[in-house]
Amino acid sequence: MAKVTLKNVYKIYTPRTKGGKEVEAVRDLNLVIEDGEFMALLGPSGCGKTSTLRMIAGLESITKGDIYFDDVRVNDLSSVERNVAMAFETYSLYPHMTVYKNISFPLEVRHKSKKEIHKIVENLAKKFQLDDVLNEYPARLSGGQQQRVSLARALAREPSVFLLDEPLSHSDAQLRFQMRTEIKRLHYEIKSTMIYVTHDQLEALSLADRVAVMNFAELQQVGTRDELYNNPYNLFVADFIGEPPMNLNKGLVTQEDDDLFLKLLGSSITLHMNAERTEKIKRLDKKEYIVGIRPQDIIPVEVPSGFMTFDAEVDFVEFIGERSLLTIKNGDLTLKVLASPDFDVKAGEVLKFSYPPERVHVFDIETEKSILVL
Amino acid sequence: MSRKGEDILVKRYVPFLLVLPAFIVLFSVTIFPTIWSLYMSFHQYNPIIGKPVPVGWKNFNYILHWDRFQNSVVHLFYYLLFGVGIEMILGITVALLLYELIKSEKIRLLLLVLFIIPMMIPPSIVGTLWRFLLDPFSGVVNTILSMLHLPVVDWFGSKMALASLIIADIWEWTSLPLMIIYSGRVSLPQSVYEAAWVDGASQWTILRRITLPMLKELIAIALIIRFMDAYKFIDKVTVMTQGGPGGASELPSYLAYLVGAQQFNMGVASAMTWIIGLGSIIVIMLFVKFMKKVLKSQKIA
Amino acid sequence: MSQKRFSLIRTLGIIFMITYIVFIAFPIYWQLNTSFKHIGEVRKIPPTFFPKHFTLSPYINVMNNPMARKSIYDSLIISITTTLLSVLIGSLAGYAFARYPKYAGGENLSFWMLSVRMFPPIVFILPFFFIFNNLGLTDTYFSLIVMYFTFNLPLSVWLMMMFFGDIPRELEEAAYVDGYKPFRAFFKVTLPLVLPGMVSVVMLCWIFAWNEFLFANVLVGTRVKTFPLVIPTFASGSSILWNQVMAFTVIAMLPPIILFIILRRYMIRGLSLGVVKG
Ligand SMILES: Nc1ncnc2c1ncn2[C@@H]1O[C@H](COP(=O)(O)OP(=O)(O)OP(=O)(O)O)[C@@H](O)[C@H]1O
Ligand SMILES: [Mg+2]
């Protein structure tokens, strides 16, 4: 197993046709994946996740920058020399080999004994529910099955790093849950370095030790689940991480005595800033900010406590999963609030809501960065 | 079929009518020669001398014991082994090298066109051209050999005549397997190769375990097409050696042609064409088998 | 990526490739080289690798040779007639096989048709030689046209079947739905799409008829003469006028090569009997 380091990595695709435009798929990426760490690469479609993975795999040239496995610069090494295992986004199964042969191919190439190969393949087939199709050819499998074969083929080996590119995108919810457990257990057992690409945040957050969030070819933030959730560096991460998404609104700075407030535009809601935020806002000295607050962090309170609460009318109530989602209104402003389902409320009621000030996120309008990191 | 109302499918006979002209032509043109030559195979007949006389299996018996025919079969065997064999190996090698070594589309196309030229030249002209090139006295090949201080070769002597035919044939037809394999290689998915690199396969393993197996149906078809043509190999023999010297470069088809169209010994010639025809039916059946496989796999992919 | 270790194999590969290119190109070069020489220079031993006195006279002589001109004319008549017949009848059958395989006789019938093409021509030559002789049809356009038609038709049927098969029938159905009659739908939608394939079938049929030697050698030769038969006649006394022979072959091979360059995608499909998708 190896520690993988990316230093100022760029990927620029040269135009495929004359007059075509260059595509910058990855820009100035710096990322360290520790030995044995489970890192997820998370981001919307087209943000450069696959490109990053393919550069680490040695399938794509690195336009600029360096990639290290432990202390060895691997830019000029082939996939074989890097000893990576990869599950491809498009599966890339060998069409002329059975499922069994597909999974055993990387082992055969490494001259493992027949017995050993058999044991590994059988074991993986059981884990990934492929026992029934071991002797089929890929063309006869469903999309989800093909994907699992591709995953099993990658996991059959003991490489310096596993690279998994959206390995569960074609599985149904239940299967996905089981597969996640298997992958997690495997990681736990062999303590392997894993890089896992996905655009499903739930998958990323539940599997990975740390998550690297990417957007538009750039790394936005790397961190554990809690770090991303509690301290998003910028507007994109704040918006992208968390279900349902964070309430984001413009807020005007208002001052009363020594206390700073942000007044949400279009409403009478004023949010109290704690000492840390107050200091930052004073230093930045701007009139407007973007204010974010998660639906989970707005709490309906029955007993009026005055300070750090606001009034709002319940517009409507939806039930999502095991929670109920309220849409509340104050002036022209609507906010989403997550409440427990036994919280009994009807549309039209006016309630008081409170919020923990340390959970109010404030972002600079121009740079879209959290004021805490500015 | 489930479509309703006005539908050309309602008139089931329409597709049949469309096929009918082709069928009539091919059937009538093939049925007569088949019956005629089957009939003649069991007769002795020379149209100049007289009427057909029934002789039973005598023609077949004669042919199978005729040393010239036996020799021609041996020559055919050499031709298949060395001619078709080298064409296949060379074709596959060059096709894969072309794909691996040359990345520029333009240069690839240029080379493909160059490789195709021999196939576009009429076979009789290929024979003429090679007779000129290999001429033992004034030919450029021997000139080059002597410039390199190598012994010159008597290309149309009894030892080399068949080899010369084979060389001309290799020149003309290597491009066919080459083209088929090259097109097949181009259409193999790149992603499968990426998977193989990541899986740690060496170049040699990739060739042996990925490329060749995925191309095996196409290779079989190319081989069979070349095998079939072996029975048609007459033009170049006629132009280059006339089967000589002393029968050293005779092939079964050419011998049948000589016996029938030049010596007018229709009985023996017909029997010979039947033997040749039966030989080629096996090859045709193989072709059909692999063709179905390829067509099926193309529909899946 | 890191292919440095394979550089030896690479070098060998490049050497191999170059050798093959020379093997293929040299005879063509020599053909051109010879066709631009005077006959005196052609007969020089050792031969010259580049014409000392570049001349177009072999080409001019060939073009002025009445027999050569007649042979080109004969070749054109025969090859154009057979081509039109084969492509027309072949397209009808090919369409039926592609769209309604069951009603048209099925896979076995189409494979049987193709197999006619694969039979050694020698099987057909002798019987036809015999009939045409008896009917007094040897040495006529008709005899060659019938033979070439028979040999081209299977290829035409088969390839047209493949080309029609590539066009989804939904396209035609969409046209019915839009209110076209089946016949109009075919001409409006299917024909334009299949046209390049059809043109390449035309070319392949034409090239076969244009290049054919064996049937011509047996069935015609006096009144009717296709050009492959004429080539051996460029001689003065017993010695062959190689420069004229080569000039004539250059002229004769140009049309097929040019056509190949234009239509290569479809031609490759045709030359491999439909196996290779272009
Ligand atoms: N081979 C290529 N040539 C040119 N541009 C490419 C190539 N591969 C990817 N791109 C471009 O690079 C950008 C990033 O692509 P990439 O495949 O890395 O995205 P991704 O994050 O994996 O997306 P997804 O979640 O949809 O798989 C895209 O804009 C894409 O169009
Ligand atoms: Mg991707």
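Treat the numbers as computed from the prediction; the structure is a model and nothing was measured. (Residues numbered from 1 in each chain as written. Chains lettered and ligands numbered in written order. Predicted model: local features only at pLDDT ≥ 70, side-chain atom pairs only at ≥ 80, totals over all residues. Heavy atoms only, no water.)

K.L.:
Honestly, the overall build of chain B in this entry has me stumped. Any pointers?
P.N.:
Secondary structure summary: chain B contains 14 helices and two strands in total. Over its C-alpha trace chain B gives a radius of gyration of 24 Å, far above what one expects of a compact globule, namely 19 Å for 301 residues. Counting over 301 residues, chain B shows a buried share of 57%. Intrachain contacts of chain B at a sequence separation of at least 6 include 66% that bridge at least 24 residues. In the structure as shown, chain B presents an accessible area of about 13,300 Å², 69% of it carried by carbon and sulfur atoms. Seen as two clouds, the 24 positive and the 16 negative side-chain charges of chain B have centres 9 Å apart. (Helix = DSSP H or I, 4+ residues; strand = E, 2+ residues; numbered from the N terminus. Rg over C-alpha atoms; globule rule 2.2 N^0.38 Å. Buried < 20%, exposed > 50% of the residue type's maximum accessible area, 1.4 Å probe, protein only. Contact = heavy atoms within 4.5 Å. Areas by Shrake-Rupley, 256 points an atom, 1.4 Å probe, with all protein chains shown as cover. Lys, Arg positive; Asp, Glu negative; His and termini not counted. Charge placed at Lys NZ, Arg CZ, Asp CG, Glu CD.)

K.L.:
Mind showing me how you'd approach the pattern of salt bridges here?
P.N.:
Pairing between side chains becomes possible if they bear opposite charge and their charged atoms approach one another. In the structure shown here, the tally under the stated rule is 30 salt bridges over all chains. Its salt-bridge partner being Arg153 of chain A, residue Asp199 of chain B comes within 3.8 Å of it at the nearest N-O pair. Of this pair, Asp199 of chain B sits in the loop between helix 9 (190–198) and helix 10 (203–214) while Arg153 of chain A sits in helix 5 (residues 143–155), on two different chains. Considered together, Asp199 of chain B and Arg153 of chain A belong to a single accessibility category, that of buried residues. Here the salt bridges share partners, and the residues they tie into one network are Glu87, Asp169, Glu172, Arg226 and Lys236 of chain B. (Salt bridge = Lys/Arg side-chain N within 4 Å of Asp/Glu carboxyl O.)

K.L.:
Explain the site of ligand 1 to me, please; I cannot follow it from the model alone.
P.N.:
All names here are of chain A. As a matter of local geometry, ligand 1 sits amid 14 residues, with Ser45, Lys49, Thr50, Ser51 and Glu89 nearest to it. Contact distances for ligand 1 include 2.8 Å between an oxygen atom and a backbone N or O atom of Gly46. Contact between ligand 1 and Thr50: an oxygen atom at 2.4 Å from a side-chain N or O atom of the residue. In the complex, 70% of the free accessible area of ligand 1, which totals 640 Å², lies under the protein chains. Here the shell around ligand 1 takes three residues from helix 1 (residues 49–57), the largest share from any one element. The residue inventory of the shell around ligand 1, partitioned by class, reads four nonpolar, six polar and four charged. (Near = heavy atom within 4 Å. Polar contact = N/O pair within 3.5 Å; in protein donor to acceptor, adjacent residues only side chain to side chain. Nonpolar A, V, L, I, M, F, W, Y, C, P; charged D, E, K, R; others polar.)

K.L.:
What am I meant to see in a negative patch on the surface here?
P.N.:
Together, Glu34, Asp35, Asp70 and Asp71 of chain A give the surface a local cluster of negative charge. In this fold, Glu34 of chain A is placed in the loop between strand 2 (23–33) and strand 3 (38–42). (Patch = residues over 30% accessible without salt bridge, like charges linked within 9 Å, V, L, I, M, F, W, Y side chains within 5 Å.)

K.L.:
What is the right way to read the pairing of strand 9 (residues 210–215) of chain A from this model?
P.N.:
Each regular strand carries side chains that alternate between the two faces of the sheet. Residue and element names in this part refer to chain A. Among the six residues of strand 9, five are classified as buried, and the element is accordingly described as predominantly covered. Pairing of strand 3 with strand 9, which is carried by four bridges, proceeds in the parallel orientation. In the sheet register, Met39 faces strand 9, and the bridge partner there is Arg210. In this structure, strand 9 lies alongside strand 10 (residues 218–223), joined through five bridges in antiparallel fashion. (Pairing = 2+ DSSP bridges.)

K.L.:
Explain the coordination of the magnesium ion (ligand 2) here, please?
P.N.:
Any two of four tetrahedral donors ideally make an angle of 109.5 degrees at the metal, while pairs among six octahedral donors ideally make 90 or 180 degrees. Residue and element names in this part refer to chain A. Protein coordination at the magnesium ion (ligand 2): the donors are Thr50 (OG1), Glu89 (OE) and Glu89 (OE), at 1.8 to 2.8 Å from the metal. On the criterion of sequence distance, the pair formed by Thr50 in helix 1 and Glu89 in the loop between strand 6 (84–87) and helix 3 (99–109) is long-range, its members being 39 residues apart. A relative accessible area of 36% means that Glu89 is categorised as partly exposed. (Donors = N, O, S within 2.8 Å, 3.2 Å for Na, K, Ca; no water.)

K.L.:
Please clarify how the packing of aromatic side chains should be interpreted in this entry.
P.N.:
How two aromatic rings sit relative to each other is set out by the distance from centre to centre and by the angle between their planes. Residues and elements named next belong to chain A. Under the counting rule described, the total for this entry stands at 39 aromatic pairs over all chains. Taking the centre distance of 5.9 Å and the plane angle of 25° together, the rings of Phe310 and Phe353 count as stacked. With Phe310 in strand 16 (residues 309–320) and Phe353 in strand 19 (residues 350–354), the pair connects residues that are 43 residues apart, well separated along the chain. Pair check on accessibility: Phe310 and Phe353 agree, each one buried. (Phe/Tyr/Trp six-rings, centres within 6.5 Å; stacked < 30°, edge-to-face > 60°.)

K.L.:
Teacher, can you tell me more about the interface of chain B and chain C here?
P.N.:
When the parts of a complex come together, some accessible area is lost, and that lost area is often used as the size of the interface. Listed per partner, the contact involves 99 residues of chain B and 95 residues of chain C. Between chain B and chain C, roughly 8,700 Å² of surface is buried when both sides are summed, and carbon and sulfur atoms account for 84% of that area. Connecting chain B to chain C are zero salt bridges. At the surface where chain B touches chain C, the tally comes to four residue pairs in polar contact (both at pLDDT 80 or more). Residue classes in the side of chain B that touches chain C are distributed as 73 nonpolar, 19 polar and seven charged. (Buried area = accessible area lost by both parts, 1.4 Å probe.)

K.L.:
Can you walk me through the domain arrangement of chain A in this structure?
P.N.:
Residues and elements named next belong to chain A. Its domain assignment divides chain A into domain 1 (4–240) and domain 2 (251–373). A C-alpha centroid distance of 39 Å is found between domain 1 and domain 2. On the domain 2 side, the residues contacting the nine residues of domain 1 number 11 residues. When the two sides are added together, the surface that domain 1 and domain 2 hide from each other amounts to roughly 880 Å², 55% of it contributed by carbon and sulfur. (Domains from an automatic or database assignment.)

K.L.:
Would you take a moment to explain the packing of helix 3 (residues 67–101) of chain B against helix 8 (residues 175–187) of chain B for this structure?
P.N.:
Two packed helices can be described by the angle between their axes and the distance between those axes. All names here are of chain B. Running from N to C, helix 3 and helix 8 point in directions that differ by 40°, and their axes come no closer than 8 Å. By the angle class used here, helix 3 and helix 8 are oblique. Of the two possible hands of crossing, helix 3 and helix 8 adopt the one that is right-handed. Residues Glu87, Met88, Gly91, Ile92, Val94, Ala95, Leu96, Leu98, Tyr99 and Glu100 of helix 3 touch helix 8, and the partners they reach there are Pro177, Leu178, Ile181, Tyr182, Arg185 and Val186. Classifying every residue of the contact of helix 3 with helix 8 by side-chain character gives 12 nonpolar, one polar and three charged. (Axes fitted to C-alpha atoms, helices over the stretch in contact; angles between N-to-C directions. Parallel < 35°, antiparallel > 145°, perpendicular 65-115°, else oblique. Left-handed = near helix turned anticlockwise from the far one by under 90°.)

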